[in-house]
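# Descriptive analysis of the structure
One-letter residues, chain by chain:
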Amino acid sequence: MDNNMTAAVPQDQQVLAPVQPDRDLMAQEEALSKMRNRQKRFQTFGVGSFLYALFYTFCLYHNASGITYPFFAGGTLLFFGYFTRKLESSSAGGHFHKTFLVISIVLAGALNCTTDSGVLIFFNKILMTVLLGILMLQYWHNLTGWSIAAYCKGGMTMFFGSVCSMFSPVGDMMAVRRLRHMGRNPERDGTDRRRMLLSVAIGLAIAAPVAAFIMILLASADAVFYKLICDVLTFSFDASVYESMETVIKILCSIVVSGAVCYGFFVYNAAPETIKNRNDMAVRDTANLDTYIAVTVNAVMCAIYLLFSGIQIFGLFLGKMSLPEGYTYASYARHGFFELVFVSLFNIMLVLFTLAYFKNSAILKALLTTICGCTYIMILSSAYRMLLYISSYQLTFLRLFVLWALVMMALVMAGVLIYIHNMDFSLFRFGIIVLTAGWLFFSAAHPDYWIATYNIKTSTEEQGYDSYYLRRRLSLDAVAALPEDIRNSRDSIYYKKVERYQEQTKGLQGLRKFNFSRAYAAHKIDT
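Let me begin by describing the structure that accompanies this report. Remember, predicted model here, so these are calculated numbers, not experimental data.

How each quantity is defined
Residues numbered from 1 in each chain as written. Predicted model: local features only at pLDDT ≥ 70, side-chain atom pairs only at ≥ 80, totals over all residues. Heavy atoms only, no water. Helix = DSSP H or I, 4+ residues; strand = E, 2+ residues; numbered from the N terminus. Contact = heavy atoms within 4.5 Å. Areas by Shrake-Rupley, 256 points an atom, 1.4 Å probe, with all protein chains shown as cover. Core = buried A, V, L, I, M, F, W, Y, C linked by side-chain atoms within 4.5 Å. Buried < 20%, exposed > 50% of the residue type's maximum accessible area, 1.4 Å probe, protein only.

### A word on the overall build of the chain
Looking only at helices and strands, one finds 23 helices and zero strands in the chain. Counting only contacts in the chain whose residues sit at least 6 apart along the sequence, the fraction spanning at least 24 positions is 76%. On the chain, roughly 30,800 Å² of surface is accessible, and the fraction owed to carbon and sulfur atoms is 67%.

### Structural notes on the environment of cysteine 253
In this structure, cysteine 253 sits in helix H11 (residues 239-269). Linking cysteine 253 and threonine 57, residues 196 residues apart in sequence, is a C-alpha distance of 9.6 Å.

### Observations regarding the nonpolar core
When a protein is soluble and globular, its nonpolar side chains tend to lie buried together. Formed by 76 residues in total, the largest nonpolar core has its most connected members in Met136, Phe266, Leu474 and Tyr494. Leave out the neighbours within four places in its chain, and leucine 474 touches Asp448, Ile451, Ala452, Tyr469, Ile493, Tyr494 and Lys497. Within the second largest apolar cluster, 24 residues are counted, among which are Cys302, Leu350, Val351 and Leu368.

### Points about the side chain of serine 309
With respect to the helices and strands, serine 309 occurs in helix H13 (residues 291-317). Residues contacting serine 309, with those up to four places away along its chain left out, are Cys374 and Ile377.

### Some remarks on unusual backbone geometry
Phi angles above zero are rare outside glycine, and histidine 62 is one such case at about 50°. Mapping histidine 62 onto the fold places it in the loop between helix H3 (19-60) and helix H4 (68-86). The class of histidine 62 is exposed, set by a relative accessible area of 53%. Its identity as a non-glycine residue notwithstanding, histidine 446 has a phi of 55°, on the positive side. Within the secondary structure layout, histidine 446 lies in the loop between helix H18 (427-444) and helix H19 (447-457).

Shown next as structure tokens:
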């Protein structure tokens, strides 16, 4: 009967019965393997990220434009370069020239300590971040054939992935602690812990009366020590103590956050699945949308742009068209340059979008080439209008920046024209090189100096320079070009900036904040 009952048990249940322990064992081994990987990761990145956080905080804490910035740029390149090579995950081929990227990053960092202009400092930092991102991308990926969209996606995933992984050091430290705990004898650890706690308690019991007696004697011997003890016991500190505590807390926060982001950067970007997903994301989508849609849209835009370009040539440049009532030629010419800048940017995006998603054809290429030609006329029109506006109302930083942007757009549009007829042309690299070189030149030129120089030299008795703008709106870069009465005036922004700079650079810590432009202004302005 027992044999019959045994035989009645289904065969699949007899086979599956012993499988559950095997699955549990496999799950445990998998969890143990993950913890060991986390331990190895922490051993690889932990100390380095902490040291980089100390370096970052020393160079940049409350110091956005000091002499430490070029050292920060160079140190960052060395640190990230060392760890990426250590991971043996660099990719060969399809790279920007590394020398160009490295030199540009260091130059942008060096320019930060030679200017007082907040706008220049901000965009120098943006440029450094973008170029460093490209440099890091090429360590892990072959960038050959990457489109502009692929570069943008890669950069965004690199940034947000690093930020989202900044808490990974906590999990890795917990994994290290669990592995250490698993390798110990629990009974022995418990005995050692109890013994240690008992010893500490005995020590505190002995130290408390002895320390109290010694503190009473020392307080009687020194009035300053007595006041300090009284303040500690009554929780009454003066403002300087609170400020010092606040500074220490901020420095610690800077170290923790920068170290965590650095650690998260390597954890996320060096992961094989991240590299694979990013390579898959960079694969070009096939341009398979109907060409007739693109031809129709671009033909309509071409008709509008050709009409507008004809008006610019005959009405603005040659002055042979009648103007609307109430307009003089000067007022007509000085109006509309910002709108034309926006349309020019739109045209660049329109051409790139069309080439990326629509099937190519000879007619479409001709229409896109025509749009590029019309865009050049719009850029010239914008520049001409801006120059006329400057001749009437003098220079400001924004007006000079617009002229620089128009030059950059004209150069980038030349790359777009090449790309229309040669899809293998690396437009993104061309654009990065042009914009990087253009911005470094613009930043190194110290535009505020030239603005002050131009406004003073072009002023006349009938139309003097804008005294308020020269006194209040420029940076210390302009001091060398300013008249003595403006730069030494107590109500000018320059006098106050120099006073603040001199206060910040007092003492040994002030060496971090040395800035060439501010130091020169402090030498020229009597405080």
